[in-house]
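Results of the structural survey
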Amino acid sequence: MTLNSTEYSPWNPFLPTKRDIERTDELAKKNAIVAGLLTFFLLPFGMVYLNRGINNLKILGYLFLISFVIGFVTYDSNNDKELDEISNFAGLCGQIALVTENVRAVTLARKRQ
């Protein structure tokens, strides 16, 4: 399905949702840097600032699933330090993905105008 020449997938958190496309003007008025900083330091405030959350929740869901699988596969009760390092790395990757997605939402909205 296409929405204004943008493909839509309910599973891909990096594609704009139908609601994002309908709210193009509102999202385009937001500051991408503020959205990125709010998302990086306090995710809920970034979600409130942009008034959108479904793509952020998709990313968090994928991050939880990946972390669970990695933790389940690599769990060794004698080596908790390695598991902490893996979970910290997964958390950092998730944080980067969340910031990227929110900044991208604002920049794509500006391009759609």
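Residues numbered from 1 in each chain as written. Predicted model: local features only at pLDDT ≥ 70, side-chain atom pairs only at ≥ 80, totals over all residues. Heavy atoms only, no water.

Judged by nonpolar contacts, Leu 27, Ala 28, Ala 32, Ala 35, Leu 50, Val 106 and Ala 109 together constitute the single largest core of seven residues. Those elements giving two or more residues to this core turn out to be helix H2 (24-28), helix H3 (32-41) and helix H6 (80-112). The residues touching Leu 50, leaving out its near neighbours within four places in the chain, are Arg 23, Leu 27, Lys 30, Ala 35, Asn 102 and Val 106. (Core = buried A, V, L, I, M, F, W, Y, C linked by side-chain atoms within 4.5 Å. Buried < 20%, exposed > 50% of the residue type's maximum accessible area, 1.4 Å probe, protein only. Helix = DSSP H or I, 4+ residues; strand = E, 2+ residues; numbered from the N terminus. Contact = heavy atoms within 4.5 Å.)

Mapped onto the elements, Ala 97 comes out in helix H6. With relative accessibility at 18%, the residue Ala 97 sits in the buried group. Distance from Ala 97 to Val 73, taken between C-alpha atoms, is 23 Å for residues 24 residues apart in sequence. With residues up to four places along the chain from it excluded, the contact list for Ala 97 reads Phe 14 and Ile 59.

Our focus in this paragraph is the pattern of salt bridges. With the rule as written, the count across this model stands at three salt bridges. We note a salt bridge from Arg 23 to Glu 26, for which the minimum N-O separation is 3.0 Å. Relative accessible area serves as the criterion here: at 9%, Arg 23 is assigned to the buried category. Among the residues examined, Glu 26 registers a relative accessible area of 36% and is labelled partly exposed. Across the pair Glu 101 and Arg 52 runs a salt bridge, and its minimum N-O distance is 3.0 Å. Placement of the pair is Glu 101 in helix H6 and Arg 52 in the loop between helix H4 (43-50) and helix H5 (54-74), with a sequence separation of 49 residues. Judged by relative accessible area, Glu 101 falls into the buried class, the value being 4%. The network of salt bridges with shared partners includes Asp 20, Arg 52 and Glu 101. (Salt bridge = Lys/Arg side-chain N within 4 Å of Asp/Glu carboxyl O.)

What follows is about the packing of H3 against H4. Two elements in contact, H3 and H4, have axes whose closest approach is 5 Å; the angle formed by their N-to-C orientations is 145°. Each of Val 34, Ala 35, Leu 38, Thr 39 and Phe 41 in H3 lies in contact with H4, whose residues at this interface are Leu 43, Phe 45, Gly 46, Tyr 49 and Leu 50. (Axes fitted to C-alpha atoms, helices over the stretch in contact; angles between N-to-C directions.)

So yeah, pure geometry; function would need other evidence.
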